[in-house]
Amino acid sequence: MTSGPHSSASIPAGIGTPADYRPHAEARLAEQAWRYLEAGSGEGVSLAANLASFPAQRLLPRMLADVRGGHTRLELCGQRFEHPFLLAPIAYQRLFHPDAEAGSVAAADAQGGIAVVSSLASLSLEDIARAGERPQWFQLYWQGERERSLRLVQRALAAGYAAVVFTVDAPVKQAAMQLPPQVRAVNLEAPLAEAPLRAGQSPVFDGWMTQAPTWDDLAWLRERIHVPLLLKGILHPDDARRALAAGCDGLIVSNHGGRVLDGAPASLDALPAVVAACGGRIPVLLDSGIRSGSDAFKALAAGASAVLIGRPYIWGLATAGALGVAHVLRLLRDELEMTMALTGCATLAQIGPHCLYAAERQ
Ligand code: FNR
């Protein structure tokens, strides 16, 4: 792990929840980096929907349950984890702390889990992989064409990444902020040149969407990747069925933290239909809006196999580097365990829709 001018390795006093890290992160980050981290797209409708969706669900406490010996362990895509929290892929982590992606991976590893490492990572994929004992997962952004995308995946697999998370909800990445000179997507080849538009052509359909992936590209990729392949950004049950038919090994229900199509529903609200479409054949994970262990519990109760967290671990990273990320994970797990105990669930397998309060059932 690196250390630098604003490297800090102590946890501020008074932190009791992941959200307590937020003001510390804001105080430490440059205004532009903070805005890049926190922003939603458009009017922020989907961002707000994510945050409102969890409190809208109520938990049903259960009494006198014997939960001694309970645990949060699970197996996912052939790997064993101590808890169901994965670190979501977040681009350019050197913006937030010198420990960057290596710090996040070291923290995830120390807490018995993994990170999904972004195509837009700011350290080399090989260096990031070396920061953890366990194999991490690699997040793919389509690189404009098949061979370039495959080269990037093959590099990640050669470095030891154990699964590929193909993000399909943001088909073309546009620079969201002006990056400082020392921070860039170091693992990517030079961007493809865009063909100039002819008169009357659309900058969307004839411009940037010409470099976006399609279901045919997914099928092509599937044939060439022999590790678990998950799609991230699925919200519609028909897309879930199509992904299943294409041989995907898992789905991540996500609206990208409210950062792409403003007006998309909260992930939690879209989850049950996707879970039903998958019929238990592949794991369905969820992200977007999880801020506590009890939020995660609600996602698991609604059918998710595991969850990813985004902004909250970056609050920890910005505040105290790898130590802060590890602490955020520990706090989330403690909260999840407490929620399980109070709802009478000793294992993740015992969490289900019956744990959520539905007025009509009473
Ligand atoms: C992201 N996200 C993202 N997703 C992805 O597939 N590749 C990426 O490189 C990034 N980069 C990124 C940067 C920043 C600053 C944010 C906030 C988010 C989306 C991310 O993986 C995840 O879906 C959301 O962050 C989940 O929502 P919460 O937990 O932040 O509410």
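Residues numbered from 1 in each chain as written. Predicted model: local features only at pLDDT ≥ 70, side-chain atom pairs only at ≥ 80, totals over all residues. Heavy atoms only, no water.

With respect to the pattern of salt bridges
Think of it this way: side chains of opposite charge can pair up when their charged atoms draw near. Going by this rule: In the sections that follow, a salt bridge refers to a side-chain nitrogen of Lys or Arg positioned within 4 Å of a carboxyl oxygen of Asp or Glu. Any residue under 20% of the maximum accessible area for its type is buried, any over 50% is exposed, and the rest in between are partly exposed; the area is computed with a 1.4 Å probe on protein chains only. Secondary structure elements are taken from DSSP: a helix is a run of H or I of four residues or more, a strand is a run of E of two residues or more, and numbering for both begins at the N terminus.
Inspection of every chain in the model, using the stated rule, returns 15 salt bridges. A salt bridge links glutamate 75 to arginine 80, with the nearest nitrogen and oxygen atoms 3.9 Å apart. Its relative accessible area of 51% is what places glutamate 75 among the exposed residues. Salt-bridge contacts for arginine 330 lead to aspartate 334; the nearest nitrogen and oxygen are separated by 2.7 Å. Separated by four residues within a single helix, arginine 330 and aspartate 334 lie in helix 12 (residues 311-342), roughly one turn from each other.

So, unusual backbone geometry
Positive phi values are uncommon outside glycine, yet leucine 64 reaches one of about 60°. For leucine 64, the location among the structural elements is in the loop between helix 3 (45-53) and strand 1 (74-76). Looking at leucine 64, the relative accessible area reads 89%, which means it is exposed. Even without a glycine there, the phi angle at tyrosine 92 is positive, about 50°. According to the relative accessible area criterion, tyrosine 92 is buried, its value standing at 15%.

Describing the side chain of serine 41
Applied cut-off: In this analysis, two residues are considered to be in contact whenever any of their non-hydrogen atoms come within 4.5 Å of each other.
With respect to the helices, strands and loops of the structure, serine 41 is situated in the loop between helix 2 (31-38) and helix 3. The residues touching serine 41, leaving out its near neighbours within four places in the chain, are Gly258, Arg259, Val260, Leu261 and Asp262.

Examining the packing of helix 11 (residues 293-301) against helix 12
For clarity, the threshold we go by: Here the axes come from fitting lines to C-alpha atoms, over the contacting stretch only for helices, and the angles between their N-to-C directions go from 0 to 180 degrees. These descriptions rest on fixed angle ranges, namely under 35 degrees for roughly parallel, over 145 for roughly antiparallel, 65 to 115 for roughly perpendicular, and the rest for oblique. For any pair of crossing helices, the crossing counts as left-handed if the nearer helix is rotated counterclockwise from the farther one by less than a right angle, and right-handed if it is rotated clockwise. Classification convention: Asp, Glu, Lys, Arg as charged; Ala, Val, Leu, Ile, Met, Phe, Trp, Tyr, Cys, Pro as nonpolar; all other residues, Gly among them, as polar.
One can describe the packing of helix 11 onto helix 12 by two numbers: an axis separation of 7 Å at closest approach and a directional angle of 60°. As far as their axial angle goes, helix 12 and helix 11 are oblique. The element helix 11 and its partner helix 12 pack so that their crossing is right-handed. Across the interface between the two elements, Gly293, Ser294, Phe297 and Leu300 of helix 11 pack against Leu332, Glu335, Leu336, Thr339 and Met340 of helix 12. For the contact of helix 11 with helix 12, a count of residues per class yields five nonpolar, three polar and one charged.

What to know about the pairing of strand 10 (residues 306-309)
This is how the line gets drawn: We treat two strands as partners when DSSP finds at least two bridges between them. Clockwise travel from the first strand over the helix to the second, with the strands pointing away from the viewer, marks a crossover as right-handed.
Here strand 10 shows a buried face lined by Ala306 and Leu308 and a second buried face lined by Val307 and Ile309. Here three bridges tie strand 3 (residues 85-87) to strand 10, and the two strands are oriented parallel to one another. Across the sheet, residue leucine 87 finds its bridge partner in strand 10, namely isoleucine 309. Note that strand 9 (residues 284-286) and strand 10 share two bridges and pair parallel. Each residue of the ladder has a partner; that of leucine 286, found in strand 10, is valine 307. For the segment spanning strand 9, helix 11 and strand 10, crossover handedness is right-handed.

Re a nonpolar patch on the surface
Defined as follows: Like-charged residues are merged into a patch within 9 Å and nonpolar side chains (Val, Leu, Ile, Met, Phe, Trp, Tyr) within 5 Å, provided each residue has over 30% relative accessible area and no salt bridge. Accessible areas in this description were obtained via Shrake-Rupley with a 1.4 Å probe; residue shielding takes into account the shown protein chains only.
A cluster of nonpolar residues, Val204, Phe205 and Met209, forms a patch on the protein surface that exposes about 290 Å² of accessible area. By secondary structure assignment, the location of methionine 209 is in the loop between helix 7 (203-207) and helix 8 (215-224). Methionine 209 sits in the partly exposed class, given a relative accessible area of 33%.

Quick notes on the side chain of aspartate 295
Where we set the bar: In this tally, Lys and Arg are treated as positive and Asp and Glu as negative; His is ignored, and so are the chain termini.
Position of aspartate 295 relative to the elements: it lies in helix 11. The charged side chain of aspartate 295 is buried without a salt bridge, its nearest counter-charge being lysine 298 at 4.9 Å. Aside from chain neighbours lying at most four places away, what touches aspartate 295 is Phe54, Gly289 and Ile290.

Re the confidence of the model for the protein
Short version of the rule: pLDDT is a residue-level measure of predictor confidence that goes from 0 to 100.
Chain-level statistics for the protein give a pLDDT mean of 95 and a share of 95% at 70 or above. Per-residue pLDDT stays below 50 along residues 1-5; that stretch engages in eight contacts with residues further than four places along the chain or on separate chains.

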